[in-house]
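Analysis of the macromolecular model
Here is what each chain is made of, one letter per residue.
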Amino acid sequence: MDGKSQLLLVNGNAEQASVLSDFLSENTPYDIVTATSGASAVVLLKKLHIDCVVSDIYLEGVDGWRLARMVRSGVFNCEADIPFLLVSSTWCKRIAEKTAREFDIDHLLPFEQYTRLKDILSESVQTHREQRLDRVLAIEDTEETAHLVQRILKQRFEVDLAPEGETGLALWREKKHSIVLLDVMLPGISGPEIMDQILAEKPDQTIVIMTAHGSMDLAEELVMKGASDFISKPFQANQLRKVCEIAAHREDFMISNQQFAETVNSLEESQASLIKQAQEHKDILDNLTSSIVELDADGRIVFVNSTWIQMTGWKEQKSMGRLFTDVVYVDPYSSTLEISNAISRVANDTSARFRLQFKLKDRFGEAIWVEARLTGRQSGNHPVSVFISVDDISARRHAEQKLEHIAMHDTLTGLHNRYFFDNELIRIAALAKHNQLQHALLYVDLNHFKAINDTQGHHQGDAVLRRVAEQLQGRTQETESLFRLGGDEFALFLADIDAEGARLAAKSICELIEQERYGTEQQTFKVSCCVGISMIDGSLEKPQDYLQRADIALYVAKGYGPGGVHMHTDQDQESDNVRLSMQWLHMVRHEIEQDNLVLHFQPVYHIPSAKVAYYEVLVRLMIDGRLVYPGEFIPALERFHEVSLLDLHVVAKSISVLAKHPGLKKLAINLSAQAFHNEQLVPLIERKLNEYDVSPSKIIFELTESASLSNLSATQSMVKTLANMGCSFSIDDFGTGFSTFSYLKSLPADTVKIDGSFVKEMKNSENDRALVRSIRDVASTLGKLSVAEFVEDQVTLDLLKEFKVEYAQGYFLGKPQPIEYLDLND
């Protein structure tokens, strides 16, 4: 042996002894020595130097109580006061605690709490040693009597003294004495009052009344109220000892009897509960919507509930003893292998769990889709049981199959939908990367399909889409797959194909659609399409990038006109231009959403007075500290027909600027050609003017000549509406369009802005001077004022004065600036 302390473990139960030995070896500093009986423990205690004993109570030869007395007597080769602990599985708690005190046991534990040994043995055992002496509190004001009580009882009890009631109550509340000796006649709080307070807090407290002969009647009264006993003063030593011993045994009896009664009641309640529970369980099992089947370890049915009988039609006697796999439905697509393996696994490992879906066979041979949950259980030495909870999911399976089809298919055309396309794109991109094969994505878009919906109605538009889907489906090969992405957009995957093959396929699709005549017997019309192509070769990390390439290629193809086909390539400048435009579009959208567009203001001077008449609003972007001008991003918006989004934002922001800066006399706001097709514009202007309380007379809308002429009737209608509200209009870049003078009288504009290309060349060109003079004269004749832009020097300004042009604008007069830099006091 090394220098470690030794612990003697005495236990005749092999299973308990093994558990305790392993636990003590791993969790305490002792070397463990074991004995299986009291007699063998005695031999070891005589032979070895033992430092601690952990023993059961019931032992062969010498029980745990007597073994403890022998250790405490000092007859063995160990210290008489070594820690002695009892761990037992059968005991009466109160009696065991009483006996433990009398036999000088350090600690007593039920076996179920054996893990507490770690904490008990890791600290000083003395801190865990339970009180071996019952505590007695004597509340007595006569000092001589109090000390007499202490001398008489100190061998058997631990005695505390209190000279009056307050001190006595404080001591009792602190130490919870087993017995209280209470004098009747006390200074301050009387004995009866003290007893009332104690019994109010602890009704079962043992109290012995000490009374003089003259107060015997009071003593009897106090016993009737709850005192345990009484003794007359003066008393003999043996009288006091006897009364206190009886009181101590009374407490042990009362507590032990209560524990026994509680145990009996608990057992009776448990028995009644088990009977009730068994019936309830049977009722529950029979009323469950799930079928419950119990199998033995061989997989044979030993129990079924009534739901099983209702679901399968198999009577109980027909089910019992059958292999569960005999009622599993088998067809070319399913077998019993999976369920057999699951039953076997659960039978061999009760912790295993399975959840399976398969088909059962009812007594008519029909299939029932079910979901089964398999669990195992083994109680004691009983054989393993396999429990199967079975739910009929036939309706759910049919609904799932229907939903799965809906989730994967377009309801209008029956083709695979966008969701299925996205998953297939991921699969094909991964396949191309792994197998180094090349596939093609064709992005098909019908031209001017919106016009069919608008003029013929959505019913006719849907008929066209269904017919196009039929045509495309009819030409789709086994190696190809077809999808409707939404609206009038379709997509095809062509497997293992080169670029030229993809181009030919795209052209054949365009020809197929163009050759067909769509519509009804009364009215037919032709439809065309464009196709964008992206080759899927595994070179891109994100599968969606292939779709983006096809989308960009489609935009390029649309620029070719009906039947246009374009393939995205790494050297594709046209696609790069579209991609750049898309980037600008996304950037401008973001800046608009974040309200980050920058407005600059350029003064427009009244030439005769040389004063600022109003300011023109010019939009900018601030990107990474760099000011970006409209020439860089407006073309992108025009390409994707998104300029009206910018129109709405600039108009709303300009009106708010007018409200915040009353010194601004007027603002000229540019409108794009698309603005006149935007039904949101007029309501927005009305709403913002009311919101900011701005007069419509402070706003001039500028529209380019080419924009206004592109849809003269729409322009006239909107201009008239806004003019009626009180807004003014100016025709921008006048002189660059066709039939300029004939259309000038058709537009209700207040001013005409002469195109800057004529103005800036006036000093060098007689023709430009003649043009400027002519535009001013025609405008004046029609009652309109004229504005010259691009005024860059004094010579040009002097010429404009000579021609009687009313207003001028240009860098010579003032550059565009943020609102903070404007002098609004002029």
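Note: the structure precedes this text.
Scope of this entry: the structure provided in the associated data block. Since we're looking at a predicted model, the values are computed, not measured.

1. A look at the pattern of salt bridges
Applying the stated rule across the entire model yields 32 salt bridges. For the salt bridge of K175 with D160, the shortest nitrogen-to-oxygen distance reads 3.4 Å. With K175 in helix α8 (residues 165-175) and D160 in strand β7 (residues 157-162), this residue pair connects regions lying 15 residues apart in the sequence. In this structure, the salt-bridge partner of E221 is K225, at a minimum N-O distance of 3.5 Å. Here E221 and its partner K225 are both found in helix α10 (residues 216-225), four residues apart, which amounts to about one turn of the helix. Salt bridges sharing common partners tie together R355, E371, R373, D391, R396 and E400.

2. As for the packing of helix α23 (residues 643-660) against helix α24 (residues 681-692)
One way to put it is that α23 packs onto α24 with a least axis distance of 10 Å and a crossing angle of 20°. Comparing their axes, α24 and α23 come out roughly parallel. Remark: the crossing between α23 and α24 carries right-handed chirality. Here α23 contributes L648, V651, A652, I655, S656 and A659 to the contact with α24, which in turn contributes L681, L684, I685, K688, L689 and Y692.

3. Points about helix α17 (residues 449-456)
Among all positions of α17, only F449, I452 and N453 are buried. Viewed end-on, α17 has its buried residues packed into an arc of 95°, placing them on one side of the element. Seen from the buried face of α17, the exposed residues on the opposite side, beyond 90 degrees, are K450, D454 and T455. Positioned one or two residues after α17, G457 has a phi angle of 95°, which is positive.

4. Here's the deal with the sheet that holds strand β17 (residues 480-486)
Within the open sheet, the five strands sit side by side as β17-β18-β16-β21-β22. Their pairing is mixed. Edge positions in the sheet fall to β17 and β22 (565-567), since each of these pairs with one other strand and no more. For this sheet, the mean inter-axis angle between neighbouring strands, taken without regard to orientation, is 20°. Bridge count for strand β16 (residues 439-446) against strand β21 (residues 529-536) is eight bridges, and the pairing is antiparallel. Its bridge partner lying in β21, A440 is registered against M535. Against the sheet, helix α16 (residues 418-435) engages β16, β17, β18 (489-494) and β21, with an angle of about 135° to β17.

5. Regarding the layout of surface pockets
The space that makes up the largest pocket amounts to roughly 1,000 Å³. Together, 36 residues line the largest pocket, and E616, L618, P630, N670 and D732 are the ones closest to its centre. Those elements that place two or more of their residues in the lining of the largest pocket are β24 (611-623), α22 (630-639), α23, β26 (667-671), α25 (705-710), β28 (728-734) and α28 (756-759). By residue class, the composition of the lining of the largest pocket is 16 nonpolar, 11 polar and nine charged. Of the volumes computed, that of the second largest pocket is approximately 370 Å³. If you trace the second largest pocket, you find 13 residues lining it, with H448, F449, K450, K558 and H641 closest to the centre. Here the element with the most residues in the lining of the second largest pocket is α17; it accounts for three residues. In the lining of the second largest pocket, the residues fall into five nonpolar, four polar and four charged.

Here is what the cut-offs are and how they apply
- Residues numbered from 1 in each chain as written.
- Predicted model: local features only at pLDDT ≥ 70, side-chain atom pairs only at ≥ 80, totals over all residues.
- Heavy atoms only, no water.
- Salt bridge = Lys/Arg side-chain N within 4 Å of Asp/Glu carboxyl O.
- Helix = DSSP H or I, 4+ residues; strand = E, 2+ residues; numbered from the N terminus.
- Axes fitted to C-alpha atoms, helices over the stretch in contact; angles between N-to-C directions.
- Parallel < 35°, antiparallel > 145°, perpendicular 65-115°, else oblique.
- Left-handed = near helix turned anticlockwise from the far one by under 90°.
- Contact = heavy atoms within 4.5 Å.
- Buried < 20%, exposed > 50% of the residue type's maximum accessible area, 1.4 Å probe, protein only.
- Arc of directions from axis to C-beta.
- Pairing = 2+ DSSP bridges.
- 1 Å grid on protein atoms, 1.4 Å probe; cavity = no way out; pocket = protein on both sides within 12 Å on 5 of 7 lines; lining within 4 Å.
- Points joined across faces, edges and corners; volume = space filled by probe spheres on them.
- Nonpolar A, V, L, I, M, F, W, Y, C, P; charged D, E, K, R; others polar.

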